[in-house]
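Now for the letters of each chain:
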Amino acid sequence: MSNQDQPTEPLPPYRADESPTKPYAALGHPEPSADGAGDGPAPGRRRGLKAAVWIVGVVAVLVVLFFVTDAVLRQVAQNAVSDEIRSQLPDDVTANDLSVKIDGFSVIGQYLSGRFEKIELTSSDVLVQGNRLSANIVAHGVPTDFSKPVQRIDGSMTIGQRAVNGLVDLPNGTTVTLKQNEVGLKGTGQILGIDVGYTASVTPTLKGGDTVVLSPQNVSVTAGGGSLDVTRFAKDLLPSQISICVAQYLPKGIDVTGLTVEDDVAHVSVRANDFVLSDETLQTKGSCG
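Residues numbered from 1 in each chain as written. Predicted model: local features only at pLDDT ≥ 70, side-chain atom pairs only at ≥ 80, totals over all residues. Heavy atoms only, no water.

Chemist: For this particular structure, what's the right way to read the nonpolar core?
Modeler: Across soluble globular proteins, nonpolar side chains have a tendency to be buried as a group. In this structure, Ile119 and Leu185 are the most contacted members of the largest nonpolar core, which totals 59 residues. Taken domain by domain, the makeup of this core includes at least three residues from each of domain 1 (56-148) and domain 2 (162-257). Excluding its chain neighbours within four sequence positions, the residues that come into contact with Leu185 are Leu170, Thr174, Thr175, Val176, Tyr198, Thr199, Ala200, Val202, Leu214 and Ile242. (Core = buried A, V, L, I, M, F, W, Y, C linked by side-chain atoms within 4.5 Å. Buried < 20%, exposed > 50% of the residue type's maximum accessible area, 1.4 Å probe, protein only. Domains from an automatic or database assignment. Contact = heavy atoms within 4.5 Å.)

Chemist: Any chance you could explain the state of the cysteines here in plain terms?
Modeler: Think of a disulfide as a covalent bridge from one cysteine sulfur atom to another cysteine sulfur atom. This structure, assessed with the given rule, holds 1 disulfide. Residue pairing for Cys245: its cysteine sulfur links by disulfide to Cys288, the two sulfurs lying 2.0 Å apart. Torsion about the S-S bond of the Cys245 and Cys288 cystine: about 95 degrees, corresponding to right-handed handedness. Of this pair, Cys245 sits in strand β11 (residues 242-245) while Cys288 sits in the segment after α5 (279-283); the two residues are 43 residues apart in sequence, bridging distant segments of the chain. Taking relative accessible area as the criterion, Cys245 reaches 19% and is therefore assigned buried. (Disulfide = S-S within 2.5 Å. Helix = DSSP H or I, 4+ residues; strand = E, 2+ residues; numbered from the N terminus.)

Chemist: Help me out: how do you make sense of the pattern of salt bridges in this one?
Modeler: Any two side chains of opposite charge can pair, given that their charged atoms come close. Counted by the stated rule, this structure contains 6 salt bridges. A salt bridge links Lys285 to Asp92; the nearest nitrogen and oxygen atoms lie 3.2 Å apart. With Lys285 in the segment after α5 and Asp92 in the loop between α2 (43-88) and β1 (93-95), this residue pair connects regions lying 193 residues apart in the sequence. Overall, Lys285 belongs to the partly exposed group, its relative accessible area being 26%. (Salt bridge = Lys/Arg side-chain N within 4 Å of Asp/Glu carboxyl O.)

Chemist: I keep staring at the side chain of Ser201 and nothing clicks. Help me out?
Modeler: On the secondary structure map, Ser201 appears in strand β8 (residues 194-207). When its relative accessible area of 12% is taken as the criterion, Ser201 is described as buried. Only 3.3 Å separates the side chain of Ser201 from the side chain of Asn218, close enough to count as a polar contact. Apart from the residues lying within four places of it in its own chain, the contact partners of Ser201 are Glu182, Val183, Gly184, Ser215, Pro216, Gln217 and Asn218. (Polar contact = N/O pair within 3.5 Å; in protein donor to acceptor, adjacent residues only side chain to side chain.)

Chemist: Could you clarify how one ought to interpret the pairing of strand β3 (residues 115-128) in this entry?
Modeler: Sheet faces and side chains relate simply in a regular strand, where the side chains alternate between the two faces. Here β1 runs beside β3; their pairing, made up of 3 bridges, is antiparallel. By the bridge assignment, Ala95 is partnered in β3 with Val126. Sheet analysis places strand β2 (residues 99-103) next to β3, joined by 5 bridges and oriented antiparallel. Within the sheet, the bridge partner assigned to Val100 lies in β3 and is Leu121. (Pairing = 2+ DSSP bridges.)

Here's what the structure looks like:
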């Protein structure tokens, strides 16, 4: 008998309570769970995803720990630099509120390289021979070994009128007044045996990075309470130029690069190249040739 002549069995009647997953079982496929879990990634893929999440989490924790550690070490290094600088200042110089800031991305990386990119030192209460001033120093290329030279140092100091008079020794008890772009002088002396007082305005200029030259102008002389027209005798009271050696107030190797004057204050800029921050260099004052 041919296959076409063989009777076929009738399909069972449809039952409403039969599970719709029966066709999956009939085809040999696993039945999906009721909550759809069987539709997700295979177990191997799930394990790989969990491992990736775990690795990312570990890396994130390590990054956070690195930055926290770097911040702590940065503060430790800043305190160490501050203590080192304080201990090496000359005997007649103190910095009561010295603040140190180490710039750059990672203090750990800079330390391992043997050199800090930039260190900024700031103090608003520096005493030089008892005279108060403020200072800001920026050092570039600072070696971790202080016996080696710093590549470059740029600094600025703000000195008040009282401190200028305390530091600068001028002839005949002359005192200094600071005005916008102008320095005034006031003192006493004698002309033709007569005690006189004088005032003068001077123009300050820099010479050779170690000397400030004052050139008196507009000299006014008084005597006996009256004004005398004795300007031609002013040269007997004040020389045509007054030279002030500023190098004597600074460590040897640091040059003055700028000088500006405002009301009651003077601003001085300094620079040094290949300067060693050692006890010897900081204690050794400069001189004028």
